[in-house]
Amino acid sequence: MTPVYLDYHATTPVDPRVLEAMLPYFTERFGNPASKQHKFGWDAQAAVDRARGQVAALIGASAGEICFTSGATESNNLAIKGVVQALRERGDHVITVVTEHKSVLDSFKRLEREGCRVTRLGVDGQGVVRLEELRAAITDRTVLVSIMAANNEIGVVQPLAEIGAITRERGVLFHTDAAQAAGKVPIDVAAMGIDLLSLTGHKYYGPKGAGALYVRKQKPKLALVCQIDGGGHENGLRSGTLNVPGIVGLGQAAQICREEMPTEAPRLGAMRDRLLAGLRNRIDDVRVNGPEAAQRLPHNLHVSFSGVEGEGLLMALGDLAVSTGSACSSGSQAPSHVLEAIGAVGVHGGASIRFGLGRTTTGADIDFAIERVSTVVNSLRASRPLTH
Ligand SMILES: *Cc1c(COP(=O)(O)O)cnc(C)c1O
């Protein structure tokens, strides 16, 4: 039996429609878009142009504002280091949040080693940034605020429009890591005041190794310092021959997400709610980590079970592919920095499971997950009666 996959925050399969769009660009349409003198190059350039428009449309940008990269890790590095290096004269202070992805946290660590001042905001018990704290943290020397759109563990969606209003008012750039949010919840960079946005194909049914950074067109031009030098591709922002099949897939996947979001988000939200109800029905003391449904990704559920050890849980889940994390600081697994930030870690924290539902998830998968998790949690608890 193939395992049931409920780990869509880690990665997603390439949609067959996306693969179909990509395939010709490996073989008969193999041209280099930088070849300006023949049809092979022109064909590749046309495909890249089309994808640029598709990605832009997903987030309310224009095609000229999209820079293709290898994924969200690279986009985050380019946005954060590129802005700070470019604006060094204007300021040396940047603001981010403790629950960010490692590619953001570590980019800021490097900048800090190079002499930048970094403010790392905490979050409330649901994982949401406190807007008053953000407002108070901005100084005359602040050049960039980087706050993720949606968290990869607990699925909390940040108040992007409110953050954008604050940064705009203070004349500070706003970058958001939208790797988990793009294609899942509506994003409008103009309405939300977002200046830079990272996204990646493999989190929304596109290929791995293809992503993009949106960079707002503004006057005077936002001149990011590029992190990969070379032939000056992507308007000098990111050198290297374009990954044409990957970019075609990134674009096609964006278009499908945009078209299907109005039906897919409620479908997944209803299945997620049924999963939680089923777990609560069969297991005592199920704690949800993160916010209510309205403020979280529709396909995300993150729960903790007291009196259960992470390792034992992981071993026993067998052919249910989910991500488990320890919510217990005394456990053998290191506690997640996100759970720690929302105060969900303690000696009695127990084990936690992150469920990520997706396009191929069925009702039968949900039934299987409820059955498997409840059996495992209840039997682990029964074998350690004193700790529960
Ligand atoms: C997956 C992920 C990334 C990294 O994206 P890659 O394309 O794999 O480099 C960055 N940020 C968040 C929030 C993610 O979920």
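Attention here is on the structure that accompanies the text. (Residues numbered from 1 in each chain as written. Predicted model: local features only at pLDDT ≥ 70, side-chain atom pairs only at ≥ 80, totals over all residues. Heavy atoms only, no water.)

1. Focus on the site of the ligand
Consideration 1: In the vicinity of the ligand there are 14 residues, among which T73, D177, Q180, T200 and K203 approach most closely.
Consideration 2: With respect to the ligand, the side chain of T73 contributes an N or O atom lying 2.6 Å from an oxygen atom.
Consideration 3: One nitrogen or oxygen atom from the side chain of Q180 is found 2.7 Å from an oxygen atom belonging to the ligand.
Consideration 4: The biggest single contributor to the shell around the ligand is helix α3 (residues 72–86), with three residues.
Consideration 5: Here the residues of the shell around the ligand sort into three nonpolar, nine polar and two charged. (Near = heavy atom within 4 Å. Polar contact = N/O pair within 3.5 Å; in protein donor to acceptor, adjacent residues only side chain to side chain. Helix = DSSP H or I, 4+ residues; strand = E, 2+ residues; numbered from the N terminus. Nonpolar A, V, L, I, M, F, W, Y, C, P; charged D, E, K, R; others polar.)

2. Some remarks on the pattern of salt bridges
Consideration 1: One pass over the structure, following the stated rule, counts 20 salt bridges.
Consideration 2: Linking E264 and R267 is a salt bridge whose minimum nitrogen-to-oxygen distance equals 2.9 Å. Of this pair, E264 and R267 both sit in helix α8 (residues 244–282), three residues apart, which is roughly one turn of that helix.
Consideration 3: A salt bridge links E371 to R282, with the nearest nitrogen and oxygen atoms 2.8 Å apart. Of this pair, E371 sits in helix α11 (residues 363–383) while R282 sits in helix α8, and the two are 89 residues apart along the sequence.
Consideration 4: With a relative accessible area of 44%, R282 lands in the partly exposed category.
Consideration 5: Each of the salt bridges in this network shares a partner with another, and the network as a whole consists of D15, R17, E260 and R359. (Salt bridge = Lys/Arg side-chain N within 4 Å of Asp/Glu carboxyl O. Buried < 20%, exposed > 50% of the residue type's maximum accessible area, 1.4 Å probe, protein only.)

3. Some details on the pairing of strand β5 (residues 142–146)
Consideration 1: Counting buried positions over the five residues of β5 gives five, a clear majority of the element.
Consideration 2: Here strand β3 (residues 93–97) pairs with β5 via three bridges, running parallel. Residue pairing in the sheet places H93 in a bridge with T142 of β5.
Consideration 3: The parallel pair β5 and strand β6 (residues 173–177), bridged by helix α6 (residues 160–170), forms a crossover whose chirality is right-handed. (Pairing = 2+ DSSP bridges. Right-handed = clockwise from strand over helix to strand, strands pointing away.)

4. Comments concerning empty space enclosed by the protein
Consideration 1: Per the counting criterion, the structure on display carries one cavity of 30 Å³ or more.
Consideration 2: Of the volumes computed, that of the largest cavity is approximately 130 Å³.
Consideration 3: G183, K184, E264, A265 and L268 are the residues nearest the centre of the largest cavity, which is lined by 15 residues in total.
Consideration 4: Considering only residue class, the lining of the largest cavity consists of eight nonpolar, three polar and four charged.
Consideration 5: Counting residues domain by domain, the lining of the largest cavity receives three or more from each of domain 1 (4–10 + 261–382) and domain 2 (16–255). (1 Å grid on protein atoms, 1.4 Å probe; cavity = no way out; pocket = protein on both sides within 12 Å on 5 of 7 lines; lining within 4 Å. Points joined across faces, edges and corners; volume = space filled by probe spheres on them. Domains from an automatic or database assignment.)

5. Looking at α8
Consideration 1: Between its terminal C-alpha atoms α8 stretches only 49 Å, short of the 57 Å expected from 39 residues at 1.5 Å a residue.
Consideration 2: Put simply, N243 is the residue that caps the front of α8, since its side-chain oxygen is 3.0 Å from the backbone nitrogen of G246. (Expected span 1.5 Å × (residues − 1).)

6. A word on the packing of aromatic side chains
Consideration 1: If you walk through the whole model with that rule in mind, you get three aromatic pairs.
Consideration 2: Judged by centre distance (5.0 Å) and plane angle (75°), the ring pair of Y5 and Y8 falls under edge-to-face.
Consideration 3: Since its relative accessible area comes to 27%, Y5 is described here as partly exposed.
Consideration 4: Residue class for Y8 comes out buried when judged on its relative accessible area of 2%.
Consideration 5: Geometrically, the ring pair formed by F30 and F40 is tilted, given 5.4 Å between the ring centres and 40° between the ring planes. Of the two residues, F30 is situated in the loop between α1 (16–22) and α2 (39–59) and F40 in helix α2; the sequence distance between them amounts to ten residues.
Consideration 6: Its relative accessible area of 44% is what places F40 among the partly exposed residues. (Phe/Tyr/Trp six-rings, centres within 6.5 Å; stacked < 30°, edge-to-face > 60°.)

7. A look at the nonpolar core
Consideration 1: Core analysis: the biggest nonpolar cluster contains 66 residues, and I59 and Y204 have the highest contact counts within it.
Consideration 2: The leading source of residues in this core is α8, at nine residues.
Consideration 3: Split by domain, the residues of this core number at least three in each of domain 1 (4–10 + 261–382) and domain 2 (16–255).
Consideration 4: When residues no more than four places from it in sequence are discounted, the contact partners of I59 are I66, I187, D188, V189, L197, L199 and Y214.
Consideration 5: Counting residues in hydrophobic clusters, the runner-up holds 29 residues, among them L276, V286, L320 and I370. (Core = buried A, V, L, I, M, F, W, Y, C linked by side-chain atoms within 4.5 Å. Contact = heavy atoms within 4.5 Å.)

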